[in-house]
Amino acid sequence: MALIIDGKTAGADIIANVTNAVLKLEASHQRKPGLAVVIVGDDPASHAYVAAKSRMAKKCGFHSVQHTLPANITQSELLSLIARLNSDPEIDGILVQLPLPKHLNGEKVIQAVLPEKDVDGLHVVNAGKVATGDLTTGLVPCTPAGTMLLIQQIHGSDLSGLNALVIGRSNLFGRPMAQLLLNANATVMIAHSKSRNLPSLARQVDILVAAVGRPQMVRADWVKPGATVIDVGINRVAAPEKGEGKTKLVGDVDFEEVAAVAGAVTPVPGGVGPMTIAMLMANTLNAARPKGCA
Ligand code: GUN
């Protein structure tokens, strides 16, 4: 049976450190980190994620604001909100929840956020820093950064000699995840919807990271015995065993099957999810720190 990687505890440790640092920042500089979360439309899953982010920001002692906008907002209305938040001295971090409704140009909105307030790490300046191996002067995307910490719990900070496969190539996760693994000296493959023979690629690696959005796609026979398997998926599926009309959350990995083969595996929920929120808080604290303050 694999070691079950506990993202809940790791995330709680980060939150405790952030909360302490906020108290120190308030004592030394009379200000608290400010996080603005922007959500457009009424997708229930996005609203649940955003509510959790806003709640955690308050728990950390941040100045936390949420802008909930109707689905029919125009691009220029959204861009003027971003401009206002960019110039608001009380706001250190801006997060625009994705995906945005189809009529909006998400990429333009993301690139309109000042890089130093881009706590999602999606601005080309921050993405470029990660891609060139600069992990210290910019903001690193939250889910890849949190995933990396879980991988380091198992393998340490130097992944020399280890093979890794990231399934998924999004700007939000797959691409930066691959860059972070590469930066830690892993030998990295990226697979995506056009890749062939996914199970045989997966069976070659010591670190398998799944971010595809397909419930329980990764099965036991995809996994090299002893490998570390990281499940980034969050899928809501029917759970008739819990009663009629009930649902449950599952990842992209068939946990029961894979736990019998892997060396270590993250559960869903309680794996990567809590790390994403914790790293968002850490990024916001870093964005708020006066330059030169460790
Ligand atoms: N939608 C799903 N995950 C994320 C995330 O980490 N950041 C943003 N902005 N939107 C998301």
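Here, every reference points to the structure presented above.
The paragraphs below set out a description of the structure included in this document. (Residues numbered from 1 in each chain as written. Predicted model: local features only at pLDDT ≥ 70, side-chain atom pairs only at ≥ 80, totals over all residues. Heavy atoms only, no water.)

Here's the deal with the side chain of Ser-64
With respect to the element layout, Ser-64 can be found in strand β3 (residues 63-69). Engagement of the side chain of Ser-64 in a polar contact is seen with the backbone oxygen of Ser-54, the distance being 3.4 Å. If sequence neighbours within four positions are ignored, Ser-64 has contacts with Leu-35, Ser-54, Ala-57 and Lys-58. (Helix = DSSP H or I, 4+ residues; strand = E, 2+ residues; numbered from the N terminus. Polar contact = N/O pair within 3.5 Å; in protein donor to acceptor, adjacent residues only side chain to side chain. Contact = heavy atoms within 4.5 Å.)

A word on unusual backbone geometry
With an omega of 0°, the peptide bond running from Leu-98 to Pro-99 counts as cis. Tracing the backbone through its elements, the reader meets Pro-99 in the loop between β4 (93-96) and α4 (106-112). With an omega dihedral of 0°, the bond running from Val-268 to Pro-269 counts as a cis peptide bond. Along the chain, Pro-269 turns up in the loop between β11 (264-265) and α10 (272-288). Within the chain, Asn-185 stands out as a residue other than glycine whose phi angle is a positive 80°.

Points about the packing of helix α2 (residues 44-59) against α10
In the contact formed by α2 and α10, the axes pass within 10 Å of each other and the chain directions differ by 50°. In this view, α2 runs oblique relative to α10, as classed from their interaxial angle. Here the hand of the crossing between α2 and α10 comes out right-handed. On α10, the residues that touch Ala-52, Lys-53, Met-56 and Ala-57 of α2 are Ile-277, Leu-280 and Met-281. Of the residues assigned to the contact of α2 with α10, the class counts are six nonpolar, no polar and one charged. (Axes fitted to C-alpha atoms, helices over the stretch in contact; angles between N-to-C directions. Parallel < 35°, antiparallel > 145°, perpendicular 65-115°, else oblique. Left-handed = near helix turned anticlockwise from the far one by under 90°. Nonpolar A, V, L, I, M, F, W, Y, C, P; charged D, E, K, R; others polar.)

Quick look at the site of the ligand
The full set of residues close to the ligand is Lys-53, Leu-95, Val-96, Gln-97, Leu-98, Asp-120 and Leu-172. The contact in question runs from a nitrogen atom of the ligand to an N or O atom on the backbone of Val-96, over 2.8 Å. At 2.5 Å from a nitrogen atom of the ligand is found a side-chain nitrogen or oxygen belonging to Asp-120. Contact with the protein chains hides 81% of the accessible area of the ligand, taken as 280 Å² for the molecule alone. Each residue belonging to the shell around the ligand can be placed in one class, and the counts come to four nonpolar, one polar and two charged. (Near = heavy atom within 4 Å. Areas by Shrake-Rupley, 256 points an atom, 1.4 Å probe, with all protein chains shown as cover.)

Some remarks on empty space enclosed by the protein
As enumerated under the stated definition, the model contains one cavity of 30 Å³ or more in all. Approximately 60 Å³ is the volume found for the largest cavity. Ile-94, Leu-95, Val-96, Ile-110, Val-113, Asp-118, Asp-120 and Leu-122 together form the lining of the largest cavity. Here the lining of the largest cavity gets three residues from one element, more than from any other, and that element is β4. (1 Å grid on protein atoms, 1.4 Å probe; cavity = no way out; pocket = protein on both sides within 12 Å on 5 of 7 lines; lining within 4 Å. Points joined across faces, edges and corners; volume = space filled by probe spheres on them.)

Topic: the environment of Val-212
Within the fold, Val-212 resides in the loop between β7 (207-210) and β8 (228-231). On the basis of relative accessibility, which here comes to 35%, the residue Val-212 falls in the partly exposed class. Val-212 sits 129 residues away from Ala-83 along the chain, and the two C-alpha atoms are 33 Å apart. Val-212 has contacts with Ile-167, Met-217 and Asp-252, leaving out every residue within four places of it along the chain. (Buried < 20%, exposed > 50% of the residue type's maximum accessible area, 1.4 Å probe, protein only.)

Notes on helix α3 (residues 75-86)
A rise of 1.5 Å per residue sets the reference length of α3, with its 12 residues, at 16 Å; its end C-alpha atoms lie 16 Å apart and thus fit the reference within 8%. Within the span of α3, buried status applies to Gln-75, Leu-78, Leu-81, Ile-82, Leu-85 and Asn-86. Projection of α3 onto a plane perpendicular to its axis shows the buried side chains occupying an angular sector of 140°, all on one side. Exposed positions of α3 whose direction lies more than 90 degrees from the buried face are Ser-76 and Arg-84. Among the structural elements, β2 (34-40), β3, β4 and α4 are those in contact with the buried residues of α3. (Expected span 1.5 Å × (residues − 1). Arc of directions from axis to C-beta.)

Looking at the sheet that holds β8
The six strands lie next to each other as β1-β11-β8-β7-β5-β6, forming an open sheet whose pairing is parallel. Looking at the sheet topology across the chains shown, the edges are occupied by β1 (3-4) and β6 (187-191). Sheet topology note: the β7/β8 ladder contains four bridges and is parallel. In the sheet register, Ala-210 faces β8, and the bridge partner there is Asp-231. Along the sheet, helix α6 (residues 142-155) makes contact with β1, β7, β8 and β11, crossing β8 at roughly 160°. Along the sheet, helix α7 (residues 174-183) contacts β5 (163-167), β6 and β7; its crossing angle with β5, the most-contacted strand, is approximately 170°. (Pairing = 2+ DSSP bridges.)

Re a nonpolar patch on the surface
A surface patch of nonpolar side chains, amounting to about 230 Å² of accessible area, comprises Tyr-49, Ile-234 and Leu-249. Within the secondary structure, Tyr-49 is located in helix α2. Tyr-49 gets classed as partly exposed once you look at its relative accessible area, which sits at 35%. (Patch = residues over 30% accessible without salt bridge, like charges linked within 9 Å, V, L, I, M, F, W, Y side chains within 5 Å. Salt bridge = Lys/Arg side-chain N within 4 Å of Asp/Glu carboxyl O.)

Purely spatial values, then, with no claim about function.
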